[in-house]
Amino acid sequence: MAGCYVTWAAGTTFAWDLWGPLGFALTVLAIVLHSSLQHEVLHGHPFANAAASDATVFPALGLVYPYRRFRDTHLAHHMDERLTDPYDDPESNYLDPAVWERLPRPAQKLLRLNNALLGRMLLGPAIGAVVFLRADWRAIRAGDTTIRKDWLLHLGGVALVLVWLLAVADMPVWAYLLAVYAAMSVLKIRTFLEHRAHERARGRTVIVEDKGPLAFLFLNNNLHVVHHTHPKVTWYRLPGIYAARRDFYLTKNDGYRYASYAEVFRKHFWRAKDPVPHPQMLPRK
């Protein structure tokens, strides 16, 4: 966590001044890692006291998503029997087939492009942000005080970042906004295929047996079925748990496995992995 903030500070100050691409790259990596650290915190780390843990990720390096909204929607996502359901899983990338049929053709084409990895990285951050922000705005207008409080708290974390950018950093705001988008793009690599439509809940969660830089940036969340089986186990224990019972986890998820993120890119960079309408869902009236 300390390394994350030091890297972010370096990227936005002297590294940017030394060579813009270096500062940009360090800032992107730090924002990605910060999101992964937020994920660790919402699952109960590093302290027993939740408020103390929350304080460690209070600065909103990623600007867009309030931490407390991320926490609440992600914990709802961990209801494994509802994984991929467009209504009950807040992180589902599928749509109700009936909703899909009512979409205008240009919207359908956009979402099809978003279902290949290249499209998910280029378009996914914008699509995800628009959908999320629109839903939260509607909830706030309808009188949801919890979501309103979460956003007000988030604005405090955004203010810290803006003060740093305006008073300390060498990186201009426009470059930082590009870095935020690039970081969200990298995060889309992880979320692209974490879950699939499958008749059994246990078969919906992936294993990507990667041990490279992306696995570190994602804090081993590539071993996703292990995380869903033991959601309170901290990131650095997941590889050992997986190695000790590899056959068990691959049997549990019906072999939903990739050898590495290189394989993910090779298979899905240009081609969609799934349809947009949920393939196993009857349309709701």
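Residues numbered from 1 in each chain as written. Predicted model: local features only at pLDDT ≥ 70, side-chain atom pairs only at ≥ 80, totals over all residues. Heavy atoms only, no water.

Student: I'm lost on the packing of helix α3 (residues 20–42) against helix α11 (residues 173–191) in this one. Help?
Tutor: Relative orientation and spacing of two packed helices are given, respectively, by the angle between their axes and the distance between those axes. Viewed as axis vectors pointing N to C, α3 and α11 meet at an angle of 50°, and their least axial separation amounts to 8 Å. As the angle between them shows, α3 and α11 are arranged oblique. Along this stretch, α3 crosses α11, giving a crossing that reads as right-handed. Together, Phe24, Thr27, Val28, Ile31, Val32 and Ser35 of α3 and Ala175, Tyr176, Leu178, Ala179, Val180, Ala182, Ala183, Val186 and Leu187 of α11 make up the contact between the two elements. Partitioning the contact of α3 with α11 into residue classes produces 13 nonpolar, two polar and no charged. (Axes fitted to C-alpha atoms, helices over the stretch in contact; angles between N-to-C directions. Helix = DSSP H or I, 4+ residues; strand = E, 2+ residues; numbered from the N terminus. Parallel < 35°, antiparallel > 145°, perpendicular 65-115°, else oblique. Left-handed = near helix turned anticlockwise from the far one by under 90°. Contact = heavy atoms within 4.5 Å. Nonpolar A, V, L, I, M, F, W, Y, C, P; charged D, E, K, R; others polar.)

Student: Would you mind showing me how to read helix α9 (residues 124–141) here?
Tutor: Between its first and last C-alpha, α9 extends 26 Å over 18 residues, near the 26 Å set by a 1.5 Å rise per residue. Residues of α9 that are buried: Gly124, Pro125, Ile127, Ala129, Phe132, Asp136 and Ala139. Tucked into the core, α9 has its buried residues touching α5 (67–77), α7 (105–113), α8 (117–122), α10 (145–167) and α11. Looking one or two residues beyond α9, the residue adopting positive phi is Gly143, at roughly 105°. (Expected span 1.5 Å × (residues − 1). Buried < 20%, exposed > 50% of the residue type's maximum accessible area, 1.4 Å probe, protein only.)

Student: Would you explain unusual backbone geometry in this entry?
Tutor: Among all residues except glycine, the phi angle is most often negative; among peptide bonds, the trans geometry is most common. Pro46 follows His45 through a cis peptide bond whose omega is 0°. Residue position: Pro46 is located in the loop between α3 and α4 (50–56). Positive phi outside glycine occurs at Leu63, with the angle close to 65°. Tracing the sequence through the fold places Leu63 in the loop between α4 and α5.

Student: Just checking my understanding: could you explain the packing of aromatic side chains for this structure?
Tutor: In this description, a pair of aromatic rings is defined by centroid distance and the angle of the planes. In total, this model carries 12 aromatic pairs according to the counting rule given. With centroids separated by 5.6 Å and ring planes inclined at 80°, the aromatic side chains of Phe218 and Tyr261 adopt a geometry described as edge-to-face. Taken as a pair, Phe218 in the loop between α12 (213–217) and α13 (224–229) and Tyr261 in helix α16 (residues 261–268) lie far apart in primary sequence, 43 residues in all. Classification of Tyr261 by relative accessible area gives buried; the value is 3%. Aromatic side chains Trp235 and Tyr236 sit 5.8 Å apart centroid to centroid with 80° between the ring planes, which places their arrangement in the edge-to-face category. (Phe/Tyr/Trp six-rings, centres within 6.5 Å; stacked < 30°, edge-to-face > 60°.)

Student: I'm lost on the pattern of salt bridges in this one. Help?
Tutor: When their charged atoms lie close together, side chains carrying opposite charge are able to pair. This model, assessed by the stated rule, comprises 11 salt bridges. Members of the salt-bridge network, linked through shared partners, are Glu199, Arg200, Arg202 and Asp254. (Salt bridge = Lys/Arg side-chain N within 4 Å of Asp/Glu carboxyl O.)

Student: What is the right way to look at the environment of Asp72 in this model?
Tutor: Looking at the secondary structure, you find Asp72 in helix α5. Put simply, Asp72 and Ala30 are 42 residues apart on the chain and 23 Å apart in space, counted from C-alpha to C-alpha.

Student: Would you mind going over the nonpolar core with me for this structure?
Tutor: Generally speaking, nonpolar side chains in soluble globular proteins are found buried as a group. Of all hydrophobic cores here, the largest spans 46 residues; its most connected members are Ile31, Val32, Tyr176, Leu193 and Phe218. Elements supplying a minimum of two residues to this core: α1 (2–12), α3, α5, α8, α10, α11 and α16. If one sorts the elements of this core by residue count, α11 sits on top with nine residues. Counting residues in each nonpolar core, the second largest holds eight residues, with Leu223, Val226, Leu238 and Tyr249 among its members. (Core = buried A, V, L, I, M, F, W, Y, C linked by side-chain atoms within 4.5 Å.)

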